[in-house]
Amino acid sequence: MSPEEAKQQFLQLQSQLDAADLAYHQNDAPIMSDADYDGLRREFDAFLAAFPALAPLSTRSALVGAPVSSGFEKVQHAVRMLSLGNAFEDEDVSDFAKGIRKYLGLSTDDALPFTAEPKIDGLSLSLRYENGTLIQAATRGDGAEGENVTANARTIADIPQRIENAPEVLEVRGEVYMSHAAFEALNARQAEAGDKIFANPRNAAAGSLRQLDASITKARPLRFFAYAWGELSEPLAETQFDAIKRFSDFGFQTNPLTQLCDTPEALISHYKSIEAQRATLGYDIDGVVYKVNDLALQARLGFRATTPRWAIAHKFPAELAWTRLEAIDIQVGRTGALSPVARLTPVTVGGVVVSNATLHNEDYIAGRDSKGGTIRDGKDIRIGDWVQIYRAGDVIPKVADVDLNKRLEDAVKYVFPEICPECGSPAIREEGDSVRRCSGGMICPAQAVEKLKHFVSRAAFDIEGLGNKQVEQFHGDCWIKEPADIFDLQSKYGTGLQQLKNKDGWGEKSAENLFAAIEQKRIIPLRRFIFSLGIRHVGEVAAKDLAAHYGDWSALTAALDLARPAALAHRAADKAEEEERAAAQSEGRRPKISDNRAKAIRACAVANEATAAWEELINTDGIGPVLGLSLSDALSIPDERAAIDRLVAQLQIEAMAKLVTSDSPVAGKTVVFTGTLEKMTRAEAKARAESLGAKVSGSVSKKTDILVAGPGAGSKAKKAADLGILTMDEDGWLELIEQA
């Protein structure tokens, strides 16, 4: 799916979700089924993951539920109620387990048991007990703040009012649900009384729990499974499985299908067993949840922004459907990528009507991958074909298969365009890249408009009153051709015959507000400025890493200019390696990669200063060679660099503020880890150092303050010694940071 199509669909999803939340959570009148809502929510999350550049457009990215209705008292969760990451294939489960082992530094021989339990399709609820007495019940809300539904929760038979031998503070979390039998009986009563019919058991459970009149909740047969916890005054157990047993001892219902599994294979086996029983359980489930059993390991793994690292939801397979491929459209994105989109005869897949699907790239259409292999048994995709559609993770529509028996006799192979459909410039595919890109740059209207939209997006300049619609209007009128033009708007069109206030849709006040908003953005933080340029591969995190490492714009550009010869040498070496691999394959011999790489670099006669600058760039935490080349290319194209320089001349770019953590002995220090760490993994060490205000780098330089050297430390240790940099072993590092 192209960036433009993704953006439009993303905004549409956000609007649909906002409307659905208002109808369901505040008006208690759902406008869509629970399955549809869940599909939209998963699609929204998947777009954020697949297209990080869309994040600035989102007003929902920090939410894991929905805002609190004004009809209920608000409750702040002592411990946030987070969502779960998703797995959709068996391979995802194996990757999940491997990722945990890697993060914790565990070998394949080390035991790593998991719990596996059905994922109940209901409404999350947190129950707070103090001295064994239920004092508060709250919905998840947006994860940080929920609704106080204590009176309603007290009517649910599965929720004890008082428990014995409990910690002084105990927050029990679980799912409120309604059985299939109870749901059918409720709808029958609703129909007989002429009241609202619920779409599915989850909607019925949610609507019943959120009644302002607790007597209505009491009349509806809600159930509750306990499976997690929030704030605790003391630990429940040492393992997830034993903690769930404690819930059972307290009098809560826990799911009898919860099982301990020692391997990913055992997890998948239990998943298939639960899936086979799905139709006979008597309540809705939409997958199986896996959690690391050892609670000490859970604590080490910690959390991402909205999901724990130690748990994942393995969702049930997506639905499939067959339909006709009517056309293939090519869309051009901000980076010039030509993205093919399948236009389909509309078909319902997983409760959602699908009329478009991604076709990835030209190799996918041709039935081969970018490395010479094949997909779909080598079947190519042609206009008029009967194609099978699935929603990956019940989210993004994709073409799974082609029915050759239904292929039209006059169907011809699809020829991917080598000319940009927007500007007519050559569309070039570089060696090793699966995507063909327009070479037109800013002369390509699709790229120019998308770059401008990115420039004014929330994570970039975020100019109030200058959104996508206004950018399209001004670009179409030739008022704005490049970002620098935005800051000339008032001088060019604020007065005279072409006053902005006289344009359709504008007035004097709105024009004044826009000019004022633009003026406010002449001072911009370095990280936002870097991100605003829309350089390929440079997202918000990379922009922040670059800003933190180089400090100011002039230092970054000077480093990139200095490193340019080495960047070209790196690219030449990559090309030489590819040529050598191809030659070796055709000649039936082993490739001489190292020799050819050395020759390519020597042939470029790269100066030591350039090599040092290049190595510093690619060893900057979070950067690497691919992003380094993208940066180097962007600032070496004359027209692009001139446009950036014109923009810089209009601005005051603020240097990156140093991250300082009070009373931390390593705050503001640059730390490098090398060799083998025996008491923690590299990921843990990096996370801990950054939490204390240190900056972790991948290379030793004069800017390095501390080198932590484990066994096997090599050239970095020698370089640190030569530079007189403080060097310590892992025990010394741990002793140092324990002072924080």
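Here the structure is a predicted model, which is why all the values come from computation and not from measurement.

Regarding the UniProt feature "binding site: NAD(+)" (unreviewed entry) in the protein chain
Moving on, step 1. UniProt annotation of "binding site: NAD(+)" (unreviewed entry) refers to Asp-34, Ala-35, Asp-36, Tyr-37, Asp-38, Ser-83, Leu-84, Glu-117, Arg-140, Glu-175, Lys-291 and Lys-315 when read in the numbering used here. Of the residues annotated just before, the largest cavity has Glu-117 among its lining.
Moving on, step 2. Its place among the elements puts Arg-140 in the loop between β5 (133–139) and β6 (145–147).
Moving on, step 3. Topologically, Lys-315 is positioned in strand β11 (residues 311–315).
Moving on, step 4. Setting aside residues no more than four positions away along its own chain, Lys-315 makes contact with Arg-42, Asn-86, Ala-87, Phe-88, Lys-119, Tyr-271, Asp-286 and Gly-287.

Some points on the side chain of Glu-730
Moving on, step 1. Here Glu-730 shows up in helix α26 (residues 730–737).
Moving on, step 2. The contact partners of Glu-730, leaving out residues within four places of it in the chain, are Leu-677, Glu-678, Lys-679, Met-680, Val-708 and Ala-709.

Some remarks on empty space enclosed by the protein
Moving on, step 1. Considering all chains together, one arrives at one cavity of 30 Å³ or more under this definition.
Moving on, step 2. Empty space within the largest cavity amounts to approximately 60 Å³.
Moving on, step 3. Every residue along the wall of the largest cavity is listed here: Glu-117, Pro-118, Ile-120, Phe-225, Ala-226, Tyr-227, Ile-244, Thr-254, Asn-255 and Thr-258.
Moving on, step 4. Breaking the lining of the largest cavity down by element, the ones donating at least two residues are β3 (114–120) and β8 (223–232).
Moving on, step 5. Classifying every residue of the lining of the largest cavity by side-chain character gives six nonpolar, three polar and one charged.

Side note on the layout of surface pockets
Moving on, step 1. By volume, the second largest pocket is sized at about 1,700 Å³.
Moving on, step 2. In terms of lining residues, the second largest pocket is bounded by 47 residues, among which Glu-430, Arg-437, Arg-536, Asp-633 and Ile-637 are the most central.
Moving on, step 3. Of all the secondary structure elements, the ones that give two or more residues to the lining of the second largest pocket are β18 (437–438), α12 (445–455), α19 (553–587), α22 (625–636) and α23 (638–648).
Moving on, step 4. Here the residues of the lining of the second largest pocket sort into 19 nonpolar, 12 polar and 16 charged.

Basis of the calculations
Residues numbered from 1 in each chain as written. Predicted model: local features only at pLDDT ≥ 70, side-chain atom pairs only at ≥ 80, totals over all residues. Heavy atoms only, no water. UniProt positions renumbered as here; feature names shortened; annotations may be inferred. 1 Å grid on protein atoms, 1.4 Å probe; cavity = no way out; pocket = protein on both sides within 12 Å on 5 of 7 lines; lining within 4 Å. Helix = DSSP H or I, 4+ residues; strand = E, 2+ residues; numbered from the N terminus. Contact = heavy atoms within 4.5 Å. Points joined across faces, edges and corners; volume = space filled by probe spheres on them. Nonpolar A, V, L, I, M, F, W, Y, C, P; charged D, E, K, R; others polar.

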